[in-house]
Amino acid sequence: MSLLKLINVSKFYHNKKNVSTGFNKVNLSLDQGEFVVITGESGSGKSTLLNVISGLDSYEEGELYINGEETSHYTEKDYEDYRRKYIGNIFQNFNLVNSYTVYQNIELVLLLNGEKKRNIKKKVLEVIDLVKLTKFKNTKASKLSGGQKQRVAIARALVKNTPIIVADEPTGNIDIASAKEITKLLYEISKNKLVVVVTHNYEQFSEYATRQIIMHDGRIMLDKKLKETEEVIDEPPKYKNITLLNKLRIAFRNVFNIKIKFFLLILVYFILTISVFSNYTSLNMATYNNQMFKTSYVFNDSSEKRIIINKKDKSPFSEEEIEEMKKISNVKEVVKDDILIDSISILECASAKIWDSVITNNIANVKKVKYGRLPNEEDTSNVAIIKIIGTVSKNEAEKYLNNTFSYTTNNGEVVTRDLKIIGIIEEKDNAELIYNNTLYVSNDILSSARTDINLFYSDIEVTLNNKIYSSNDSSLYFNIKPHDAVSPGNAIVSEDFNMYCKDYNCLKKNIGINIKNNYYATGKELYIIDNFKEKTINKKLGFTKEQYYEYNNTIFMNPDEYKQLFNENTYQMSIYVNDERKIDNVTKELDKYNVNIYKMVDMTSNIFGSILGFVTLFGKIRFIVSIIVLFFICYFIIKIILKSRNTYFSTIRTLGGNKKVLNDLLNIELLVDINIAYILFTTILILIRHKIILKISYLYQLSTFFELKDYIIIYIVLIVMSILIANRYSKKLFGGSVMSNYRENE
Ligand code: ADP
Ligand code: MG
């Protein structure tokens, strides 16, 4: 039985316009041990015949038998198997991997054959010695002469150790002296193999040929046996599958092999990484900005670190409880004047105006200011230090410093005292993205601000002459104010109140004051000890006559009792945690205090859930669309970069690498690239976060915005994109036979 047998085999080339014949109705039988030399003029079909024999190209008609087996039903995979088990190719133009060294070119075959690392070295060095290239073993293939290149190709065919060696004009591109060596080498390695050589120069091979074939116009004109050959008992060829380790070896070599390709790929992937990051950020920022936007209506500070608590039984918090809560782990701050956090204030003086401030912490806690100074002993209680978001110029600072501002909250509806700004803190890198300036004031100011806001938010009921008048809908228009002249339990009211009392006299009557707000309800029963009119207001209360019309509806009460009504206790507080991810540990501890707990995260998403949902849905669609667009842009750029490597992939296929191997090699290579790009980018981002490089506040904000979760999501998106790119590309590579791919690249 012949090793190869062709019966009436024809090969046609189908071009766009016409069909041309490669060769026509060839009948041939080839055996192991033969050294067949094919000659014929150019275009007679020699190369086409070799390619069909070596399974690099398909045929149209007839039947090719391999070891007696029909091949007309062969799939691409069967051909792959055939090639890797049977065929060693030597080409006129060598088809070496130019960026590999001599050693690596030969080693590649063994790696693809699943050879173990420790066996490889010995074998490679042996054949390198055989083809006399030991001196050049670490020279890149691109630096070799034609003869040397062909010797590498022969060595490669030799280590592949296949029963068939096919050489298409192996001496066509090399000088005569080298050609002699090549023919001899070919002969030497041909023992027990079938060697089929195509040549223009029959003389070079006549010494070794056992059979001569002449082709003409696609047909065999002469087929002459020159020498008898020995019968060879053929063993079925052995082939091991490539191991994962070998794939990794080849792929890693390819990553760094061609510097320019490596840098281009990293650049493309780096830009891809940035694009995915910024798209992902704008998706999340949309949600975030939305959250910021809504807070101006409900909660001024909607930080995820904030928890609001009040007692289930509506009782106030005691100082001991507050101290205990401060000690819970992960608690950063307990803010008693919770309501002030959600009241935006405006500071105004003749020459300047400062918007969006929140009055909070005690001035005594401030350690350092950028402009101005810290408070000292001589200061009155109306001094303040302001922390401004953004940059403050010296000029601007001078406009604020030592000016007395009127301080109003809730769009000017609540007016409190005047404040003198003595110091300015600048907050350039606002990691928490809270847009408000912070006012640090004395306890007095803080307390008066709290009173005023509580008064503003409270419903007040006055009981006079057994009738209840409410501040919401009242025929009795009244106001309540503290005054030092009033002793506890008593009230001094305007004479105008008399009309609501029996006999038009309210003096020595009781007046009840009840207040109710979101946090608490309380009341006082007072005794009207005196009243005042325009003439007596100065004597009794110290106001001028003109001021009477400002106070003619006012109930004056004792300052301490006034405080008890509007400022005495803490009914609601805000607790800030250090780490919002561990917020549940804190809420668990707080449960012990019999409190209602509102996590700011829940509150905000409940109220504005639907708007938020819409924004994020839109954002998500936009995110996905941009990822798809990015994918295609990236794919086309990578396609161009890898175009120069198509020859490499075809070479791998002639050496026995199949579709899966190629796909894996490409995948590993691109995955290594994307990982390098990703690590590069995240490293830069982390360095920015820790303010080691690039002090740009936008990038800093961006970097603080990302959590581990975000890094993982983006990583997965990038990996999936890289795999899709590799698969799409290798699918395209396998559109045609090996030869048609080679052709495309010429
Ligand atoms: P040889 O190697 O003997 O010079 P080839 O096998 O290369 O001859 O070519 C045989 C015939 O097939 C020629 O007529 C040539 O024009 C044609 N041919 C070869 N390759 C192609 C191709 N890729 N497309 C179309 N026709 C081809
Ligand atoms: Mg040819």
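I will try to describe carefully the structure that is included in this document. A quick note: this is a predicted structure, and the numbers were derived from the prediction, not measured. (Residues numbered from 1 in each chain as written. Chains lettered and ligands numbered in written order. Predicted model: local features only at pLDDT ≥ 70, side-chain atom pairs only at ≥ 80, totals over all residues. Heavy atoms only, no water.)

## Points about the nonpolar core
The nonpolar side chains of soluble globular proteins are, as a tendency, buried together. In terms of nonpolar packing, the biggest core is built from 95 residues, with Ile-106, Leu-108, Leu-186, Ile-250, Tyr-269, Leu-272 and Val-276 touching the most fellow members. A domain split of this core shows at least three residues from each of domain 1 (4–241) and domain 2 (246–288 + 611–745). For Leu-186, the contacting residues outside a window of four places in its chain are Phe-35, Ile-90, Ile-154, Ile-165, Ala-167, Pro-170, Val-197 and Phe-205. Listed in part, the 52 residues of the second largest apolar core include Leu-476, Ile-480, Ile-528 and Met-557. (Core = buried A, V, L, I, M, F, W, Y, C linked by side-chain atoms within 4.5 Å. Buried < 20%, exposed > 50% of the residue type's maximum accessible area, 1.4 Å probe, protein only. Domains from an automatic or database assignment. Contact = heavy atoms within 4.5 Å.)

## Some details on the sheet that holds strand S1 (residues 4–14)
Overall, antiparallel pairing links the four strands, which are arranged S2-S1-S4-S5 in an open sheet. Only two strands of the sheet have a single neighbouring strand rather than two, namely strand S2 (19–30) and strand S5 (69–70). Relative to S2, S1 is paired through eight bridges, and the arrangement is antiparallel. By the bridge assignment for S2, Val-9 is matched with Val-26. (Pairing = 2+ DSSP bridges. Helix = DSSP H or I, 4+ residues; strand = E, 2+ residues; numbered from the N terminus.)

## Concerning the packing of helix H20 (residues 659–689) against helix H22 (residues 708–733)
Where H20 meets H22, the closest approach of the two axes is 9 Å, and the angle between their N-to-C directions is 150°. What the angle tells us is that H20 and H22 run roughly antiparallel. The crossing of H20 and H22 is right-handed. Residue classes in the contact of H20 with H22 are distributed as 17 nonpolar, seven polar and no charged. (Axes fitted to C-alpha atoms, helices over the stretch in contact; angles between N-to-C directions. Parallel < 35°, antiparallel > 145°, perpendicular 65-115°, else oblique. Left-handed = near helix turned anticlockwise from the far one by under 90°. Nonpolar A, V, L, I, M, F, W, Y, C, P; charged D, E, K, R; others polar.)

## Things to note about the site of ligand 1
Near ligand 1 there are 14 residues, and of these Gly-43, Gly-45, Lys-46, Ser-47 and Thr-48 occur at the shortest range. Backbone polar atom of Thr-21 to an oxygen atom of ligand 1: 3.3 Å apart, as the coordinates give it. Within the backbone of Lys-46, a nitrogen or oxygen atom sits 2.9 Å from an oxygen atom of ligand 1. Looking at the shell around ligand 1, the elements that each hand over two or more residues are S2 and helix H1 (46–53). (Near = heavy atom within 4 Å. Polar contact = N/O pair within 3.5 Å; in protein donor to acceptor, adjacent residues only side chain to side chain.)

## Regarding empty space enclosed by the protein
Going through the model one piece at a time under the given rule, you end up with four cavities of 30 Å³ or more. The calculated volume of the largest cavity comes to roughly 80 Å³. As for the largest cavity, its lining consists of Lys-336, Asp-337, Asp-338, Ile-339, Arg-450, Asn-454, Tyr-519, Tyr-520, Asn-569, Thr-570, Tyr-571 and Gln-572. Counting residues per element, the ones that place at least two in the lining of the largest cavity are helix H11 (338–341) and helix H13 (443–457). Grouping the amino acids of the lining of the largest cavity by side-chain chemistry returns four nonpolar, four polar and four charged. Among the domains, domain 3 (295–336 + 571–606) and domain 4 (338–454) are the pair contributing at least three residues each to the lining of the largest cavity. (1 Å grid on protein atoms, 1.4 Å probe; cavity = no way out; pocket = protein on both sides within 12 Å on 5 of 7 lines; lining within 4 Å. Points joined across faces, edges and corners; volume = space filled by probe spheres on them.)

## Overview of the sheet that holds strand S28 (residues 595–599)
Spatially, S12-S27-S11-S28 is the arrangement adopted by the four strands of the open sheet, whose pairing is antiparallel. Of all strands in the sheet, those bounded by a partner on one side alone are strand S12 (331–335) and S28. Strand after strand, the sheet turns through a mean of 25° between neighbouring axes, direction not considered. Across five bridges, the pairing between strand S11 (residues 306–311) and strand S27 (residues 572–577) is antiparallel. Looking across to S27, one finds that Ile-309 is bridged to Met-573. Where helix H10 (residues 319–326) meets the sheet, it contacts S11, S12 and S27, and its direction lies at approximately 155° from that of S12.

## Some points on the side chain of Thr-570
If you trace the backbone, Thr-570 turns up in the loop between helix H16 (559–566) and S27. A relative accessible area of 6% places Thr-570 in the buried class. Not counting residues within four places of it along the chain, the set of residues in contact with Thr-570 comprises Pro-316, Phe-317, Lys-336 and Arg-450.

## Considerations on the pattern of salt bridges
Applying the stated criterion across every chain, the model contains 31 salt bridges. A salt bridge links Glu-61 to Lys-25, with the shortest nitrogen-to-oxygen separation between them at 3.4 Å. You can see Glu-61 sitting in strand S4 (residues 61–66) and its partner Lys-25 sitting in strand S2, a full 36 residues away along the chain. On the accessibility criterion, Glu-61 (32% relative accessible area) is partly exposed. Each of the salt bridges in this network shares a partner with another, and the network as a whole consists of Glu-34, Arg-211, Asp-223 and Lys-225. (Salt bridge = Lys/Arg side-chain N within 4 Å of Asp/Glu carboxyl O.)

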